[in-house]
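Residues per chain, in single letters:
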Amino acid sequence: MKVIESKLQGAKLIEPSLFEDHRGFFMESYHAEGYAAIGLPNTYVQDNHSLSIQVGVLRGLHYQLNPKAQSKLVRVTAGSIFDAIVDIRKGSPTFGQWEGFELSAENKRQLFVPSGFAHGFCTVAPNTEVQYKVDNFFSPEQDRGILWNDPTIGIEWPTNAPILSDKDSRHPGLLNAHNNFVY
Ligand SMILES: Cc1cn([C@H]2C[C@H](O)[C@@H](COP(=O)(O)OP(=O)(O)O[C@H]3O[C@H](C)C(=O)[C@H](O)[C@H]3O)O2)c(=O)[nH]c1=O
């Protein structure tokens, strides 16, 4: 397993060990002890799985407020995404900064998103399936969002005209949501 640190403290990109042979491949997509050894939590309580049929589907930017803030371990099992995280930890030296990652069924890369980050992705292939573990249950009461194209963040998404849920088209900008953040 290879670990690549993000410029945003705490976020990590993981490349699991891949065992290929004439039949195909095998990999351990999660290992509680191995992931804990690189500083990732191993107290996940929920697995999520989404399918996005078209290219340009953008889900995000989402986060949950404390006490239901979620860390996420994200991977793609079909297709490909541009995944973006935004540091929204109050007082963080990189508050409001973002980083993007290509996660795909092909590269098998996994992204660890600590709590205190807003998270979203945009599909760059049709029929993309994203599967991710979270270490806190879904809580509609604490579910929040930041507008995907907030100019104060300036994420360089692969499209300027994404396919959004109604909810994702109406989130506030970072600075309007800012007083929510207590991580
Ligand atoms: C997140 C979630 C949603 N739901 C229900 C609520 C809605 O009726 C339906 C669709 O939810 P939503 O439109 O929020 O799904 P996404 O837009 O894929 O949301 C996710 O998108 C970005 C990428 C994230 O990082 C979050 O994990 C998550 O917010 O599933 C549940 O029942 N449990 C859940 O954990």
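These numbers were taken from a predicted model, which means no experiment stands behind them. (Residues numbered from 1 in each chain as written. Predicted model: local features only at pLDDT ≥ 70, side-chain atom pairs only at ≥ 80, totals over all residues. Heavy atoms only, no water.)

1. Regarding unusual backbone geometry
Note: most peptide bonds trans; most residues except glycine with negative phi. Cis peptide bonds are those with omega within 30 degrees of zero, and the linkage from glycine 60 to leucine 61 qualifies with -5°. Among the structural elements, leucine 61 can be located in strand β6 (residues 58-64). Following asparagine 66, the chain continues to proline 67 via a peptide bond in cis, the omega torsion being 5°. Mapped onto the secondary structure, proline 67 falls in the loop between β6 and β7 (72-78). (Helix = DSSP H or I, 4+ residues; strand = E, 2+ residues; numbered from the N terminus.)

2. Overview of the UniProt feature "active site" (unreviewed entry) in the chain
UniProt records the feature "active site" (unreviewed entry) at His62 and Tyr132, using the numbering of this structure. The annotated residues occupy 71 residues of the chain but converge on a single region, no pair of C-alpha atoms lying more than 13.8 Å apart. Annotated residues from the preceding list that form part of the lining of the largest pocket: these are His62 and Tyr132. Inspection of the secondary structure assignment puts histidine 62 in strand β6. For histidine 62, the side chain forms a polar contact with the main-chain nitrogen of glycine 60, separated by 3.5 Å. Within the secondary structure, tyrosine 132 is located in strand β12 (residues 128-134). (UniProt positions renumbered as here; feature names shortened; annotations may be inferred. 1 Å grid on protein atoms, 1.4 Å probe; cavity = no way out; pocket = protein on both sides within 12 Å on 5 of 7 lines; lining within 4 Å. Polar contact = N/O pair within 3.5 Å; in protein donor to acceptor, adjacent residues only side chain to side chain.)

3. Points about the sheet that holds β12
Across the sheet, six strands lie side by side as β1-β2-β10-β7-β12-β5; this open sheet has antiparallel pairing. The two strands at the open ends of the sheet, each matched to only one other strand, are β1 (2-5) and β5 (46-52). Going from strand to strand, the sheet's axes swing by 20° on average, the running direction of each strand aside. Pairing analysis gives three bridges linking strand β2 (residues 12-15) to strand β10 (residues 110-113), with the strands arranged antiparallel. The residue bridging isoleucine 14 from the neighbouring strand is glutamine 110, located in β10. (Pairing = 2+ DSSP bridges. Axes fitted to C-alpha atoms, helices over the stretch in contact; angles between N-to-C directions.)

4. Overview of the environment of leucine 51
Along the chain, the position of leucine 51 falls in strand β5. For leucine 51, a relative accessible area of 43% puts it in the partly exposed group. Sequence separation between leucine 51 and lysine 68 is 17 residues; the distance between their C-alpha atoms is 24 Å. Beyond its immediate chain neighbours, meaning those up to four positions away, leucine 51 contacts Arg59, Asn127, Thr128 and Glu129. (Buried < 20%, exposed > 50% of the residue type's maximum accessible area, 1.4 Å probe, protein only. Contact = heavy atoms within 4.5 Å.)

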